[in-house]
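# Structure assessment
So you can see what is in the structure, the chains are spelled out below.
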Amino acid sequence: METFRDYEYLLIDIANTAGYDKANYNDRIQWTRDHFDTLESESDGFLFQKAVHALREVHKGNAINHPVMFDAVGSGVQILSAVSGDINGATLTGLINTGKRPDPYTSLYEAMKLRLGTDDAVPREKLKEAIMTSYYGSRAKPKEIFGEGIELDVFYQTMLAETPHAFAMIDILKDTWNPTATEHCWTMPDGFEVKVPVLDTVIKRLEIDELDHHQMSAEFKARTTKYTSVANIANVIQSIDAWVCRSMFRMCSGTYDLEYLQGVLDIGLGNNPCPELEKLIDIAERTKILDISVLNHINKGNVDLLPEWMRESAKELVKHLSSYKPFQIITNHDSFGALPCNMNTVRSNYNALLNSLSMGNILQQILTDLYAEPVEFIKESFSSLDANYAIC
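This one's a predicted model, so the numbers in the text were calculated from it and none came from an experiment.

Another point: the overall build of the protein chain. When helices and strands are counted, the protein chain shows 16 helices and seven strands. Across its three principal axes, the protein chain shows a C-alpha extent of roughly 75 × 65 × 55 Å. Among the 392 residues that make up the protein chain, the fraction classed as buried is 48%. Of the contacts formed within the protein chain by residues at least 6 apart in sequence, a portion of 69% connects residues at least 24 apart. By element, 51% of the accessible surface of the protein chain is carried by carbon and sulfur atoms, the whole surface being about 19100 Å². Side chains of the protein chain give 36 positive and 55 negative charges; the mean places of these two sets differ by 1 Å.

Listed below in structure tokens is the structure:
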């Protein structure tokens, strides 16, 4: 992964907030340098002016408390690509390096135009709307944008051709819907139990005798069953997204007794029962993802509960956490921010989490939970540890 100095991250942030976030990092840095003397007049956006003010304060020799924010590239497609082993989708969303900043929406737009054989396709922004909603199971929005006919057919052909495994996940997740269930449940690598009730709007008519038989209606949500729904598609993707956010906070801001943990993992002996640790071990065995929350439960009395591969993974995790001091991080859905001096670590941690999704098999666990029976999900894996533009 290409790293940058604190000052360079501030220059990148200024270019980002000026609208040049689609450029490569070095081009963003150069844009800010080229406009250094006239930056205040380049944009009146609040975030841009705030970043420029921070830069001016640095040049005065003053300390700043200005966070740099980086967004994931096409987070929905990116997550689906990681968990399904879609190398094409991973390349489009920056998990696999190509030497330039990826833009999945423009790439899919160009691919669709090529298939149509015309430049008269719908505008990129409209296509982006269709792409974003289609990966969450919407058929109505693409139909609204393209109508019924050749453009709609080519749109789906393009999505399947350019992100074959990620797009195929839509139907796989749609098929997990249980028409007799009043809720759908699955467990995340950190032990968080997702429980999504099936709700429908109910309208009840009321007559109040004491108010001269006044009639009124009440509308509320009630648990029910539904014959069909696409809700599991978005809910599963967003639950993984939320796990990434929780894990980023734990990796960047969490405090652990790392010296103690290193000693315990190296020489500790003991297999005393620990329900919390055993639950996380069971999940890790099934997902092949060792969640950082295990560090909260490991001690010299239970460390031998860990299988060898988990023990080694925990050692590597402790070694990584020992390489920097905990710091504050801002998380907002698929956007992550910290002081410029910590942004190399933010990017590295994000890459590691998406790498664990690719190398592990979280979907096998989720599908098993949703179907309430063992499911085998076979997928490819790829490394995103060196990704330059997974978040940018």
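Tallied over the full model, the rule gives twelve aromatic pairs. The rings of Phe4, Tyr9, Tyr25, Phe70 and Tyr389 are connected pair by pair, giving a single aromatic cluster. Above the plane of the ring of Phe36 lies Arg56, whose end atom (NZ or CZ) is 4.6 Å from the centre. It is Arg139 that lies over the ring of Tyr156; its NZ or CZ is 4.6 Å from the centre.

Right, let's get into helix H6 (residues 104–116). In an α-helix, one turn spans 3.6 residues, which is why side chains three or four residues apart end up on the same side. The terminal C-alpha atoms of H6, which comprises 13 residues, lie 18 Å apart, in line with the 18 Å expected from a rise of 1.5 Å per residue. Turning to H6, its buried residues are Pro104, Tyr105, Leu108, Tyr109, Ala111, Met112 and Lys113. Elements in contact with the buried residues of H6: helix H5 (87–92), helix H7 (124–134), helix H8 (140–146) and helix H9 (150–162).

We now examine the side chain of Arg101. Of note, Arg101 is situated in the loop between H5 and H6. Within the structure, Arg101 has its side chain in polar contact with the backbone oxygen of Asp21 (distance 3.0 Å). Once you skip the residues sitting within four places of it in the chain, Arg101 turns out to touch Asp21, Lys22, Ala23, Asn24, Arg28, Val73, Tyr389 and Cys392.

Further remarks concern the nonpolar core. Ranked by internal contacts, the top residues of the largest apolar core, which has 108 residues, are Leu295, Ile298 and Leu357. The dominant element in this core, judged by the number of residues it contributes, is helix H11 (residues 231–253), at ten residues. Aside from chain neighbours lying at most four places away, what touches Ile298 is Tyr260, Leu261, Val264, Leu265, Leu277, Val303 and Leu306.

With that settled, the discussion passes to unusual backbone geometry. If a residue is not glycine, its phi is most likely negative; likewise, a peptide bond is most likely trans. Within the chain, His213 stands out as a residue other than glycine whose phi angle is a positive 60°. One can find His213 in the loop between strand E4 (199–208) and strand E5 (214–223). By relative accessible area, which is 45% here, His213 ends up partly exposed. Although it is not a glycine, His333 sits at a positive phi angle of roughly 60°. Among the structural elements, His333 can be located in the loop between strand E6 (330–332) and strand E7 (335–338).

Two quantities define a packed helix pair, namely the angle between the helix axes and the distance between the axes. Two elements in contact, helix H4 (residues 75–84) and helix H10 (residues 164–174), have axes separated by 8 Å at closest approach and are oriented at 95°. Considering their axes alone, H4 and H10 lie roughly perpendicular with respect to each other. Residues Leu80, Ser81 and Ser84 of H4 form the contact with H10, whose own contacting residues are His165, Ala166 and Met169. When grouped by side-chain class, the residues that make up the contact of H4 with H10 number three nonpolar, three polar and no charged.

This paragraph deals with the environment of Thr255. Along the chain, Thr255 turns up in the loop between H11 and helix H12 (258–267). Distance from Thr255 to Asn296, taken between C-alpha atoms, is 9.6 Å for residues 41 residues apart in sequence.

Here the structure, examined in full by the defined rule, presents 20 salt bridges. Residue Arg246 is joined to Asp190 by a salt bridge in which the shortest nitrogen-to-oxygen separation is 2.7 Å. Taken together, the residues Arg246 in helix H11 and Asp190 in the loop between strand E2 (183–187) and strand E3 (193–197) connect sequence positions 56 residues apart. Between Glu312 and Lys315 there is a salt bridge, with the nearest N and O atoms lying 3.4 Å from each other. Of the two residues, Glu312 and Lys315 both sit in helix H14 (residues 308–321), three residues apart, roughly one turn of that helix. It is possible to trace a salt-bridge network through shared partners that takes in Asp190, Arg246, Arg250 and Asp291.

The sheet built from three strands is open, its strands ordered E1-E7-E6 with antiparallel pairing. At either margin of the open sheet sits one strand with a lone partner, and together these are strand E1 (68–71) and E6. Within the sheet, the average angular offset between the axes of one strand and its neighbour, ignoring direction, is 20°. In terms of strand pairing, E6 meets E7 through three bridges, oriented antiparallel.

The rules behind each value
Residues numbered from 1 in each chain as written. Predicted model: local features only at pLDDT ≥ 70, side-chain atom pairs only at ≥ 80, totals over all residues. Heavy atoms only, no water. Helix = DSSP H or I, 4+ residues; strand = E, 2+ residues; numbered from the N terminus. Buried < 20%, exposed > 50% of the residue type's maximum accessible area, 1.4 Å probe, protein only. Contact = heavy atoms within 4.5 Å. Areas by Shrake-Rupley, 256 points an atom, 1.4 Å probe, with all protein chains shown as cover. Lys, Arg positive; Asp, Glu negative; His and termini not counted. Charge placed at Lys NZ, Arg CZ, Asp CG, Glu CD. Phe/Tyr/Trp six-rings, centres within 6.5 Å; stacked < 30°, edge-to-face > 60°. Lys NZ or Arg CZ within 6 Å of the ring centre and 35° of its normal. Expected span 1.5 Å × (residues − 1). Polar contact = N/O pair within 3.5 Å; in protein donor to acceptor, adjacent residues only side chain to side chain. Core = buried A, V, L, I, M, F, W, Y, C linked by side-chain atoms within 4.5 Å. Axes fitted to C-alpha atoms, helices over the stretch in contact; angles between N-to-C directions. Parallel < 35°, antiparallel > 145°, perpendicular 65-115°, else oblique. Nonpolar A, V, L, I, M, F, W, Y, C, P; charged D, E, K, R; others polar. Salt bridge = Lys/Arg side-chain N within 4 Å of Asp/Glu carboxyl O. Pairing = 2+ DSSP bridges.

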